[in-house]
Amino acid sequence: MTTLSPEILTQLEGQGIELPSWAFGNSGTRFRVFATPGTPRDPFEKIADAAQVNRYTALAPSVALHIPWDKVDDYATLRRHAEDLGVELGTVNSNTFQDEDYKFGALTHHDERIRRKAIDHHLECIDIMDATGSRDLKIWLAEGSNYPGQNDMRGRQDRLQDSLQQIYARLGEEQRLVLEYKFFEPAFYHTDVPDWGTSYAQVASLGDKAMVCLDTGHHAPGTNIEFIVMQLLRLGKLGSFDFNSRFYADDDLIVGSADPFQLFRILTEVVRGGGLNNPDVAFMLDQCHNIEDKIPGQIRSVLNVQEMTARALLVDRDALTAAQTANDVLGANAVLMDAFYTDVRPALAEWRESRDLPADPMAAYAASGYQQTIADDRVGGTQAGWGA
Ligand code: LRH
Ligand code: MN
Ligand code: MN
């Protein structure tokens, strides 16, 4: 059995992956949302479910909120509820993609009334962050156009910068803004923040508290995502990850399920660039569990990230550098592949047990009876937000 060195175990012990509250709600495709028995009926129940993931893995100490999906009357109470369950409230995600007013744009809109409304929504999100103790405001914009000529792309970039400046000005000393990019959808011709370069250009002119968020599902097929990871780390602007898997578009499947090797390559660059357990680089999931049970789906996800992190930490750096320096093409590649092909699961199971965690968190959760209890107790669970 492969053993993991004390240094590697220390690094793994420091790992924390934030869970998205919306992963616990029902979600689906354009065609149908299938309800899952036991789905949370409010943000309090979503957090209770998220706490289960942390309980069996010790890997998920915080939960991201999405506003207005997770709107409550009293955020201090929600915060206490989370803390009582051993988790924290994390990133606050704004939402300008479900309001009729934003049909033609929000932070980029040429109508000042609508742009003001969108800016104010973000200021409200920061008020919520003050109450929840959250550090990060995550902004993803569903803005763009469907037809060439429909919009003045240049004017929209200028208005976006102005809107972001107003939002940035309201951030507290310890708070940050992370700007997420996505190459298409819902707009199909142009998107206002389509790529890491645009996000970087927008946040770089705001200041140190503004960073880029990289969602692994938001790139064109074939994109070398680990190169982007390397570059953003090099520039000191990688603020966070939204981890998930995709086969076709923004599929939001379980991270590491579609292409485990890609996840390994990304994490290898994270390790190389000093991004692991670096407070500047938040690890988050952004997934939806449309047909599988949500809590085990999230447990599987954080375990996938942990397993691939362990493999990335196994890369023999000295051997790799030596092979690279000698232009030993296949030798260098072999060093990487040796780490990738190492099965770390038995070592991780043993290590978990030594920390009073279940060797197999999936089995322990299944045996706990929690899924049946929520299925019995909760009637009429809500959707994640889409179509709610
Ligand atoms: C957009 C996105 C963004 C949203 C989330 C629900 O596709 O990745 O992060 O907040 O999905
Ligand atoms: Mn995302
Ligand atoms: Mn997405």
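Residues numbered from 1 in each chain as written. Chains lettered and ligands numbered in written order. Predicted model: local features only at pLDDT ≥ 70, side-chain atom pairs only at ≥ 80, totals over all residues.

For the chain, an unreviewed UniProt entry supplies the name L-rhamnose isomerase and the organism Microbacterium dauci.

What follows covers the site of ligand 1. Inspection of the region around ligand 1 gives Trp22, Asn93, Trp140, Glu180, Lys182, Asp215, Asp242, Asp250 and Asp286 as its neighbouring residues. Partitioning the shell around ligand 1 into residue classes produces 2 nonpolar, 1 polar and 6 charged. (Near = placed C-beta within 6 Å. Nonpolar A, V, L, I, M, F, W, Y, C, P; charged D, E, K, R; others polar.)

What follows deals with the packing of helix H2 (residues 43-57) against helix H3 (residues 75-84). H3 packs onto H2 with a crossing angle of 20 degrees between their chain directions and a minimal axis gap of 10 Å. Our classification of the angle between H2 and H3 gives roughly parallel. Considering how the two elements wind past one another, H2 and H3 form a crossing that is right-handed. Judged by residue contacts, Pro43, Phe44 and Ile47 of H2 engage Leu78, His81 and Ala82 from H3. Considered class by class, the residues forming the contact of H2 with H3 number 5 nonpolar, 1 polar and no charged. (Axes fitted to C-alpha atoms, helices over the stretch in contact; angles between N-to-C directions. Helix = DSSP H or I, 4+ residues; strand = E, 2+ residues; numbered from the N terminus. Parallel < 35°, antiparallel > 145°, perpendicular 65-115°, else oblique. Left-handed = near helix turned anticlockwise from the far one by under 90°. Contact = placed C-beta atoms within 7 Å.)

With 6 of its 6 residues buried, strand E8 (residues 210-215) lies for the most part within the structure. Where strand E6 (residues 176-180) and E8 come together, 4 bridges link them in parallel fashion. By the bridge assignment for E8, Leu177 is matched with Ala210. With 4 bridges joining them, E8 and strand E9 (residues 238-243) adopt parallel strand pairing. Bridging from a neighbouring strand, Val212 pairs with Leu238 of E9. Note on the crossover from E8 through helix H7 (residues 225-234) to E9: the handedness is right-handed. (Buried ≥ 20, exposed ≤ 12 C-beta atoms within 10 Å, placed from the backbone. Pairing = 2+ DSSP bridges. Right-handed = clockwise from strand over helix to strand, strands pointing away.)

Right, let's get into the domain arrangement of the chain. Segmentation of the chain into domains returns domain 1 (14-313) and domain 2 (316-365). Between domain 1 and domain 2, the C-alpha centre-to-centre distance is 28 Å. Broken down by secondary-structure element, the contributors of at least two residues to the side of domain 1 that touches domain 2 are H2, helix H8 (260-272) and helix H9 (294-313). Ranked by the residues each element gives to the side of domain 1 that touches domain 2, the list is headed by H9, at 10 residues. Among the residues making up the side of domain 1 that touches domain 2, the classes are represented as 10 nonpolar, 3 polar and 3 charged. (Domains from an automatic or database assignment.)

The next point concerns unusual backbone geometry. Negative phi is the rule for most residues except glycine; trans is the rule for most peptide bonds. In this chain, Ile67 is followed by Pro68 through a cis amide linkage whose omega measures 20 degrees. Position of Pro68 among the secondary structure elements: in the loop between strand E2 (62-66) and H3. The peptide bond linking Glu185 to Pro186 adopts the cis configuration, its omega dihedral lying at 10 degrees. The residue Pro186 is located in the loop between E6 and strand E7 (190-191) in this model. In this model, Ala58 sits at a positive phi of 55 degrees, which is unusual for a non-glycine residue. Turning to its location among the elements, Ala58 is positioned in the loop between H2 and E2. In this structure, Asp252 takes a positive phi of about 55 degrees despite not being glycine. With respect to the secondary-structure elements, Asp252 resides in the loop between E9 and H8. Judged by the 22 C-beta atoms lying within 10 Å of it, Asp252 is buried.

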